[in-house]
Amino acid sequence: MLIVIFCFSTYGVAVADIEYERLKHIADDVVTNMPSTWRVIEEKTGVIPYGHYDGLKYDGQGGLSLVLIGPQDMYFQWKDEDGAWHQKAFHKEVIELWFMPPEYHLSWKRFFVMKSPAPADHIYSGVAVKVYGMPSRRSVSPHQEKLFDKYLEEILSQATTLGPRLAPLSWATWKMDIKKFLQQSEQ
């Protein structure tokens, strides 16, 4: 009896590993085809897309996430007490992607979760994968993030309006390009 339980446990791990390897292979195809000015800075397994199950339990198979960073600065801007606008670059443009098993879906129960963040956008559904993504911004280093935190403390006392300046990504067609890459790879 103990041996049978052990076999099923090992089988479950092997299936999860095979799933992640398949998702990794698909993600690698996107990375190979993205602009040369972009690069991967983070990869995680066992994840679900941002904002999809906040406050809810998810029991399904997790996926693979990639964080891609681009060359363009993202500016933080604020308006001082005199009405003058200021801006400073602390972050770089980022695209966060989630490669999920094809049976994955956003919970309908999410509708009932108050103050839930906007979920990552659905980009592609195919036989082997569902892909979700969203633009974001990140500091290029922990040191830069500490500088941003310190800077933010200093300006909060004098700012009347503040926030990131929303600028178009340098990879403006990322959603269409990723969809095209994946459609071609499934043929």
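The text that follows walks through the structure, step by step, so that each part is easy to find. Residue numbers here run from 1 along each chain, matching the order of that chain's written sequence. In view of the model being predicted, local features appear only for residues whose pLDDT reaches at least 70, and side-chain atom pairs are presented and counted only at 80 or more, with totals across whole chains, interfaces and linings using the full set of residues. Heavy atoms throughout the structure, all of them, feed into the side-chain values; hydrogens and water do not.

## A short note on the overall build of the chain
In plain terms, the rule: Helical segments are the DSSP runs of H or I of at least four residues, strand segments are the runs of E of at least two, and each set is numbered from the N terminus. Buried residues are those whose accessible area, probed at 1.4 Å on protein chains only, stays under 20% of the maximum for their type, while exposed residues exceed 50% and partly exposed ones sit between those limits. We call two residues in contact when some of their heavy atoms are within 4.5 Å. Note on areas: these come from Shrake-Rupley sampling with a 1.4 Å probe, and a residue is covered only by the protein chains present in the view.
Looking only at helices and strands, one finds three helices and six strands in the chain. Its helices and strands taken in sequence order, the chain reads α-β-β-β-β-β-α-β-α from the N to the C terminus. Expressed as a percentage of its 187 residues, the buried residues of the chain come to 33%. Of the contacts formed within the chain by residues at least 6 apart in sequence, a portion of 77% connects residues at least 24 apart. In the structure as shown, the chain presents an accessible area of about 11,500 Å², 58% of it carried by carbon and sulfur atoms.

## Description of the nonpolar core
The line we're drawing: Definition used in this section: a nonpolar core is a set of buried Ala, Val, Leu, Ile, Met, Phe, Trp, Tyr and Cys residues joined via side-chain atoms within 4.5 Å.
With 23 residues, the main nonpolar core has Leu97, Phe99, Val131, Trp171, Trp174 and Ile178 as its most contacted residues. Looking at this core, the elements with two or more residues in it are α1 (2-33), β2 (63-80), β3 (85-100), β4 (121-125) and α3 (174-186). Discounting residues that sit within four places of it in the chain, Val131 has contacts with Trp98, Phe99, Asp121, His122, Ile123, Tyr124, Ile178 and Leu182. Of all hydrophobic cores here, the second largest spans eight residues; its members include Trp98, Tyr104, Tyr132 and Met134.

## Considerations on α3
Definition in use: To estimate the expected span of a helix, count its residues, drop one, and scale the result by 1.5 Å. By arc we mean the arc of the directions from the helix axis to the C-beta atoms, nothing more.
Given a rise of 1.5 Å per residue, 13 residues ought to cover 18 Å, and the 18 Å separating the end C-alpha atoms of α3 matches this to within 8%. By the burial criterion, the buried members of α3 are Trp174, Ile178, Phe181 and Leu182. The buried residues of α3 all sit within an arc of 90 degrees when viewed along its axis, so they share a single face.

## A short note on the pattern of salt bridges
As a reminder of what qualifies: Each reported salt bridge corresponds to a side-chain nitrogen of Lys or Arg within 4 Å of a carboxyl oxygen of Asp or Glu.
With the rule as written, the count across this model stands at seven salt bridges. Note that Lys92 is salt-bridged to Asp73, the shortest N-O span being 2.9 Å. Highlighted residues: Lys92 in strand β3 and Asp73 in strand β2, separated in sequence by 19 residues. Judged by its relative accessible area of 31%, Asp73 falls in the partly exposed class. Each of the salt bridges in this network shares a partner with another, and the network as a whole consists of Lys24, Asp28 and Glu43.

## Thoughts on a nonpolar patch on the surface
Here is the rule we go by: Excluding any residue in a salt bridge, patches collect residues exceeding 30% relative accessible area, merging like charges within 9 Å and nonpolar Val, Leu, Ile, Met, Phe, Trp and Tyr side chains within 5 Å.
Nonpolar side chains collect at one region of the surface, where Trp108, Phe111 and Phe112 lie side by side and expose about 470 Å² of accessible area between them. Secondary-structure assignment places Phe112 in the loop between β3 and β4.

## Details of the environment of Pro71
You can see Pro71 is positioned in strand β2. Taking the relative accessible area as the measure of exposure, Pro71 reaches 40% and is therefore partly exposed. For the pair Pro71 and Ser170, spaced 99 residues apart in sequence, the C-alpha to C-alpha distance is 7.6 Å. Apart from residues lying up to four places away in sequence, Pro71 is in contact with Thr37, Trp38, Lys92, Glu93 and Ser170.

## Details of the packing of aromatic side chains
Threshold: Here a pair means two rings of Phe, Tyr or Trp (six-membered ring of Trp) with centres within 6.5 Å. Their orientation is stacked below 30 degrees between planes, edge-to-face above 60, and tilted elsewhere.
Under the counting rule described, the total for this entry stands at two aromatic pairs. Where Tyr104 meets Tyr132, the ring centres are 5.6 Å apart and the plane angle is 80 degrees; that geometry is what we call edge-to-face. Of the two residues, Tyr104 sits in the loop between β3 and β4 while Tyr132 sits in strand β5 (residues 130-138), which places them 28 residues apart along the sequence. Tyr104 gets classed as buried once you look at its relative accessible area, which sits at 2%.

## Some remarks on the environment of Phe148
Note that Phe148 resides in helix α2 (residues 142-156). By relative accessible area, Phe148 is classed as buried at 7%. Distance in space between the C-alpha atoms of Phe148 and Phe76 is 9.2 Å, their sequence separation being 72 residues.

## A closer look at the pairing of β2
We count it as follows: When DSSP finds two or more bridges between a pair of strands, those strands are recorded as paired.
Inspection of the sheet shows strand β1 (residues 39-47) paired to β2 by seven bridges, in the antiparallel sense. Bridge pairing in β2 places Lys44 opposite Ser65. Relative to β3, β2 runs antiparallel, the two sharing 13 bridges. Bridged to Lys79 within β3 is Trp85. Hairpin connection of β2 to β3: four residues between the antiparallel strands, including Gly83 at a positive phi of 90 degrees.

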